[in-house]
Amino acid sequence: MWGGRFSQKPAELMQAINVSIGFDKRLAAQDLAGSRAHAAMLFSTGVVSGEDAAAIRGGLDTIAAEIEAGTFPFRDEYEDIHMNVEARLRELIGPAAGRLHTARSRNDQVALDFRMWVRDACDRTIAQFRTLQRALLEKAEAHADTVMPGFTHLQPAQPVTFGHHLMAYVEMFGRDASRFADARARMNESPLGAAALAGSPFPIDRVQTATALGFDRPTANSLDSVADRDFALESLAAASIAATHLSRLAEEIVIWMTPQFGFIRLSDAFTTGSSIMPQKKNPDAAELVRAKVGRLLGSFTQLSVVMKGLPLTYSKDMQEDKVPTFEAFDALELSLSATAGMVLDLEPDVERMSAAAGAGFSTATDLADWLVRELGMPFRDAHHVTGSAVKRAEVLGVGLPDLPLAELQALDARITAGVYDVLTPEASVASRRSYGGTAPDQVRAQIERWKEALA
């Protein structure tokens, strides 16, 4: 591989630490696509002959077929996917294979392959987020009227609808998808043609190869072209944020599945049992999704540490960019699929949710709002009166809807029986009709907005 400069083979330990074909063979499709585009450009600019270009194209097609069939001879002695392909190409077509590397280095080759792989991964991830959002929309639409408690500090706060709760995750995952789309747009420049670091003396056409490979343009600086891994870092940052969102939903599924809550049921498809306790039905899929965030945050940190102190341009440290990125996207894609499956599978216990929606004096804010709206009371005064009403209800062991009118009038004589119209969870959610609120008609409006956006 190294021509005349080296006269001895590397030590076995050097070979062991240096070889990357075990993981970068995942770049095979991107490597072949880049080589095809490069060969076509070399022919069109007159750098290689039509005969050699045709031989290269045929050899690359044969290699693609071998990889597809599982018969390609991946060999550690050739270190990486690039040299494995080049060595096999030489076996197939002879010396003409050596012309393919004209005006190209492994530095811009790997930068291209990896960028294309991450771009493809972003496309897959965006599509998966859309699938998950549609699953949430389907469940939210079915339960736009289902009342449940809303929480702050995991304490009952105000009643909401289950549909509204699910729509919060539609918004979260929409932002996640947009982050991947933004990252994809920024990475869509081709580094091919930057060569080792300084560009090429050959009359290459970088716009041609960029266009052939679906890029918007070639990168503008040859040094940055081979040194940059921002596209991977940005994607891993987006993946880390997305994983925290998936983990939050997974945590809620775990909580909702407990007998103490009993808000939802998952079928046998997304639960497991216990080796010793026959009664157990564990939400293990949710628990594993919850745990995956550690992998993704770890991958982002790992690549950040690799890149943090590297002088321009390429250093072999950057070979360590692929494993954390591959692992992160594997974990994210699996988590997205599992979460979408759980969302479609789960069934809420409507009666249990409704009963819990009124617990913890969850309509106290509705009482305060009624005092402001009907009696013209300043909100801070209404807050104080309502707090006193809650305290009295606690003493009597009743909820606010069951607090006698006389007790309320002892706090303010102007309170009338009309106050009871706002003290049920159903009345509470129906009143929250501000844009983005939990009222069922607002929930349905947001569902329709997202349906159009995802169409």
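Residues numbered from 1 in each chain as written. Predicted model: local features only at pLDDT ≥ 70, side-chain atom pairs only at ≥ 80, totals over all residues. Heavy atoms only, no water.

*Asks:* Which residues make up the pattern of salt bridges, and what values do they have?
*Replies:* Scanning all chains against the criterion turns up 30 salt bridges. Note that aspartate 52 and arginine 99 form a salt bridge whose closest N and O atoms lie 2.7 Å from each other. Placement of aspartate 52 in helix 4 (residues 50-69) and of arginine 99 in the loop between helix 5 (81-93) and helix 6 (106-142) is noted, with a sequence separation of 47 residues between them. For glutamate 79, the salt bridge identified is with arginine 106, shortest N-O distance 3.2 Å. With a gap of 27 residues between them, glutamate 79 in the loop between helix 4 and helix 5 and arginine 106 in helix 6 connect regions that are remote in the sequence. Of the two residues, glutamate 79 and arginine 106, both sit in the buried class. Taken together, the shared-partner salt bridges in this structure form one network comprising Glu66, Arg75, Arg88 and Glu91. (Salt bridge = Lys/Arg side-chain N within 4 Å of Asp/Glu carboxyl O. Helix = DSSP H or I, 4+ residues; strand = E, 2+ residues; numbered from the N terminus. Buried < 20%, exposed > 50% of the residue type's maximum accessible area, 1.4 Å probe, protein only.)

*Asks:* Residue-level account of empty space enclosed by the protein, with values.
*Replies:* What the rule picks out here adds up to one cavity of 30 Å³ or more. In this structure, the largest cavity spans a volume of roughly 40 Å³. Lining the largest cavity are Asp31, Ser35, His82, Val85, Glu86, Leu100, His101, Arg104 and Gln109. Counting residues per element, the ones that place at least two in the lining of the largest cavity are helix 3 (28-44) and helix 5. Among the elements that take part in the lining of the largest cavity, helix 5 stands out by supplying three residues, more than any other. Its residues assigned to classes, the lining of the largest cavity comprises two nonpolar, four polar and three charged. (1 Å grid on protein atoms, 1.4 Å probe; cavity = no way out; pocket = protein on both sides within 12 Å on 5 of 7 lines; lining within 4 Å. Points joined across faces, edges and corners; volume = space filled by probe spheres on them. Nonpolar A, V, L, I, M, F, W, Y, C, P; charged D, E, K, R; others polar.)

*Asks:* Describe the pairing of strand 2 (residues 155-161), with residues and values.
*Replies:* Two elements, strand 1 (residues 147-152) and strand 2, share five bridges in a ladder whose sense is antiparallel. Counted as the bridge partner of proline 149 is proline 159 from strand 2. The antiparallel hairpin formed by strand 1 and strand 2 contains two residues in its connecting segment, where histidine 153 sits at a positive phi of about 60°. (Pairing = 2+ DSSP bridges.)

*Asks:* Any chance you could break down the packing of aromatic side chains for me, citing the residues and the numbers?
*Replies:* Considering all chains together, one arrives at 12 aromatic pairs under this definition. Note on phenylalanine 129 and phenylalanine 173: the rings are 5.9 Å apart at their centroids and 35° apart in plane angle, and the pair reads as tilted. Of this pair, phenylalanine 129 sits in helix 6 while phenylalanine 173 is found in helix 7 (residues 162-187), placing the two residues 44 residues apart along the sequence. You can call phenylalanine 129 buried: its relative accessible area is 0%. (Phe/Tyr/Trp six-rings, centres within 6.5 Å; stacked < 30°, edge-to-face > 60°.)

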